[in-house]
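# What the coordinates show
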Amino acid sequence: MNRCPAAVVLAAAILVMGCDSGPPEAPPHPGRMAEAPPPTQENIVALQPRDMAEQVTRRSTFSWKLPPKVASPALVSFTLAEAGDGDQPIRDQGGPKRVAFASGLHTKSPNGFDPWEPPPGCVVTDEVTDMKQLKANTWYRWSVRAASPSGATHADFYFRTRSDPATPAP
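The structure displayed is predicted, hence computed values, not measured ones.

## Quick notes on the side chain of Thr153
Mapped onto the secondary structure, Thr153 falls in strand β9 (residues 151-161). Ignoring any residue separated from it by four or fewer positions in sequence, one finds Thr153 in contact with Glu42, Asn43, Ile44, Pro67, Lys69, Val70, Val144, Arg145 and Ala146.

## Re the sheet that holds strand β6 (residues 112-113)
Taken together, 3 strands build an open sheet; the order of strands is β1-β3-β6 and the sheet is antiparallel. The open sheet terminates on both sides in strands that have one partner only, identified here as β1 (45-48) and β6. Taken together, the 3 bridges between β1 and strand β3 (residues 62-65) define a ladder with antiparallel strand orientation. By the bridge assignment, Gln48 is partnered in β3 with Ser63.

## Thoughts on the pairing of strand β5 (residues 98-103)
With 4 bridges connecting them, strand β4 (residues 75-82) and β5 associate as antiparallel partners. By the bridge assignment, Leu80 is partnered in β5 with Ala100.

## A word on the sheet that holds β5
One open sheet holds the 6 strands; their spatial order is β2-β9-β8-β4-β5-β7, and the pairing between them is mixed. Only two strands of the sheet have a single partner each, and these edge strands are β2 (53-56) and β7 (123-125). Going from strand to strand, the sheet's axes swing by 20 degrees on average, the running direction of each strand aside. Pairing analysis gives 8 bridges linking β4 to strand β8 (residues 139-148), with the strands arranged antiparallel. Within β8, the position partnered with Ala81 by the bridge is Arg141.

## Topic: the nonpolar core
The tendency in soluble globular proteins is for nonpolar side chains to be buried side by side. Formed by 29 residues in total, the largest nonpolar core has its most connected members in Trp64, Phe78, Leu80 and Trp142. Within the residue set of this core, elements represented by two or more residues are β2, β3, β4, β5, β8 and β9. Sorting elements by how many residues they give to this core places β8 first, with 4 residues.

## What about the pattern of salt bridges?
Summed over all chains, the structure comprises 4 salt bridges. Between Glu82 and Lys97 there is a salt bridge, with the nearest N and O atoms lying 3.7 Å from each other. With Glu82 in strand β4 and Lys97 in the loop between β4 and β5, the pair connects residues that are 15 residues apart, well separated along the chain. Owing to a relative accessible area of 38%, Lys97 belongs among the partly exposed residues under this scheme. With its nearest N and O atoms 2.6 Å apart, the salt bridge here joins Arg98 to Asp126. Here Arg98, found in strand β5, pairs with Asp126, found in the loop between β7 and β8; they are 28 residues apart in sequence, far enough to count as distant. On the accessibility criterion, Asp126 (30% relative accessible area) is partly exposed. Linked by salt bridges that have partners in common, Glu82, Lys97, Glu127 and Lys135 make up one network.

## Focus on the side chain of Glu82
Residue classification places Glu82 among the buried positions, given a relative accessible area of 14%. Of note is the side chain of Glu82, whose polar atom sits 3.2 Å from the side chain of Lys135.

## Here we look at the packing of aromatic side chains
Any pair of aromatic rings gets described here by the distance separating the centres and the angle formed by the planes. Summed over the entire model, instances satisfying the criterion amount to 9 aromatic pairs. Here Trp64 and Phe78 contribute two aromatic rings whose centre-to-centre distance is 6.2 Å and whose plane-to-plane angle is 15 degrees, an arrangement assigned as stacked. With Trp64 in strand β3 and Phe78 in strand β4, this residue pair connects regions lying 14 residues apart in the sequence. Residue classification places Trp64 among the buried positions, given a relative accessible area of 1%. Since its relative accessible area comes to 0%, Phe78 is described here as buried.

Parameters and conventions
- Residues numbered from 1 in each chain as written.
- Predicted model: local features only at pLDDT ≥ 70, side-chain atom pairs only at ≥ 80, totals over all residues.
- Heavy atoms only, no water.
- Helix = DSSP H or I, 4+ residues; strand = E, 2+ residues; numbered from the N terminus.
- Contact = heavy atoms within 4.5 Å.
- Pairing = 2+ DSSP bridges.
- Axes fitted to C-alpha atoms, helices over the stretch in contact; angles between N-to-C directions.
- Core = buried A, V, L, I, M, F, W, Y, C linked by side-chain atoms within 4.5 Å.
- Buried < 20%, exposed > 50% of the residue type's maximum accessible area, 1.4 Å probe, protein only.
- Salt bridge = Lys/Arg side-chain N within 4 Å of Asp/Glu carboxyl O.
- Polar contact = N/O pair within 3.5 Å; in protein donor to acceptor, adjacent residues only side chain to side chain.
- Phe/Tyr/Trp six-rings, centres within 6.5 Å; stacked < 30°, edge-to-face > 60°.

Below, the structure is given as structure tokens:
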């Protein structure tokens, strides 16, 4: 069987080209990508100290990011409570001793709080008003509540203090 080299080349070319399945799909229109909104933040996010952080300064300041549903809050409050000195925090809401409560944060400081230098207009109660720093090697739970006409949210976070004092002894 003597085959013509031109026929072999032609057959190979047809195999390489494959079947024609029609025109290629057009790339998605830029407007179609914008139709799907990005996922929105649903909960309060701890920025400082991070949830479950350890070796946190004993004179910590707190910051958080509010979700869009309470981005313009009518009320923001902050609570700090002891949560034990073991390997893990005590998560019983009724057990920990409250150390600080602050209200009125929505007016001057809706995204953060320094218990030792509260913003004007903020009301701070409990032991923090007489403390220079938090206890060493202790777990703390900090909570933020926020409310606006479009919704309300609450979140709890935990951290453990370091053993070193926050301020050096004189």
